[in-house]
Amino acid sequence: MECEGIRFFMSVILVIFLALFLWAVSPVGILFFSSVRILFSKSSSMLKRRLAWVAQIIAFLTWSSVMFLLLIIYIDSVSYKILNLGGDVLNLAIISGCAFFIVMILVVFIEKMICSGDVKKSKNNDNKINSKKIKSGGIKQKVRRKLKDNLKEIIDDEIERRL
């Protein structure tokens, strides 16, 4: 009796993982994971990163529209039976869709943690470099370096704004 329960549980888990694989190779999964690849790359430009964020938003919207359709079909199969769809396949599609959503949220959370860590590291490195520059030289050189750094920041901001 216990063995049958374990077999049923294992078969359901196997089917859910297969459905997760189908979600991953669907257009939603391909769009999402290709944007993840760009965001985890250290050498990608800011424009590519922004496009990857837009692609992830589109993937989330596409996932939500597919799940909305699946839920409409599920409600129809329970209540009205107009479409005559439903059963175990529909239930597993909804469960695996929710599991895929959890996977997407976890990946975005990891991206956020990595991006915030990179920003903190770059700020710490910039502060160390600036403190070393200020310590050496006279007042005239300090003012000159500070003006150069401010001009570089203004130029970089203007370039990013125009891109």
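Residues numbered from 1 in each chain as written. Predicted model: local features only at pLDDT ≥ 70, side-chain atom pairs only at ≥ 80, totals over all residues. Heavy atoms only, no water.

Remarks on the overall build of the chain
Working step 1: Helix and strand counts for the chain come out as five helices and zero strands.
Working step 2: Accessible area of the chain: about 12,700 Å², with a carbon and sulfur share of 70%. (Helix = DSSP H or I, 4+ residues; strand = E, 2+ residues; numbered from the N terminus. Areas by Shrake-Rupley, 256 points an atom, 1.4 Å probe, with all protein chains shown as cover.)

Concerning the pattern of salt bridges
Working step 1: Inspection of every chain in the model, using the stated rule, returns one salt bridge.
Working step 2: The partner of E158 in a salt bridge is R161, and the shortest N-O contact between them spans 2.4 Å. One end of the pair, E158, and the other, R161, are both in helix α5 (residues 139-162), three residues apart, so they sit about a helical turn from each other.
Working step 3: In this structure E158 comes out as partly exposed when scored by relative accessible area, which is 29%.
Working step 4: Judged by relative accessible area, R161 falls into the exposed class, the value being 60%. (Salt bridge = Lys/Arg side-chain N within 4 Å of Asp/Glu carboxyl O. Buried < 20%, exposed > 50% of the residue type's maximum accessible area, 1.4 Å probe, protein only.)

Things to note about the packing of helix α2 (residues 27-40) against helix α3 (residues 46-80)
Working step 1: At a closest axis distance of 8 Å, the pairing of α2 and α3 adopts a crossing angle of 155°. By the angle class used here, α2 and α3 are roughly antiparallel. Crossing of α2 against α3: the hand is left-handed. Residues V28, L31, F32, S35, V36, I38 and L39 of α2 pack against K48, R49, A52, W53, A55, Q56, I58, A59, F60, T62 and W63 of α3.
Working step 2: A breakdown of the residues in the contact of α2 with α3 according to their chemical character gives 13 nonpolar, three polar and two charged. (Axes fitted to C-alpha atoms, helices over the stretch in contact; angles between N-to-C directions. Parallel < 35°, antiparallel > 145°, perpendicular 65-115°, else oblique. Left-handed = near helix turned anticlockwise from the far one by under 90°. Contact = heavy atoms within 4.5 Å. Nonpolar A, V, L, I, M, F, W, Y, C, P; charged D, E, K, R; others polar.)

Quick look at the environment of K42
Working step 1: Counting through the fold element by element, K42 comes out in the loop between α2 and α3.
Working step 2: When the C-alpha positions of K42 and C115 are compared, they lie 9.9 Å apart, and in sequence the two are 73 residues distant.

A word on the nonpolar core
Working step 1: Counting residues in each nonpolar core, the largest one holds 15 residues, and the members touching the most others are W23, F32, W63, M67, L70, F100 and M104.
Working step 2: The set of elements that each furnish at least two residues to this core consists of α1 (2-25), α2, α3 and α4 (88-135).
Working step 3: Contact partners of M104, with chain neighbours within four places excluded, come to F32, F60 and W63. (Core = buried A, V, L, I, M, F, W, Y, C linked by side-chain atoms within 4.5 Å.)

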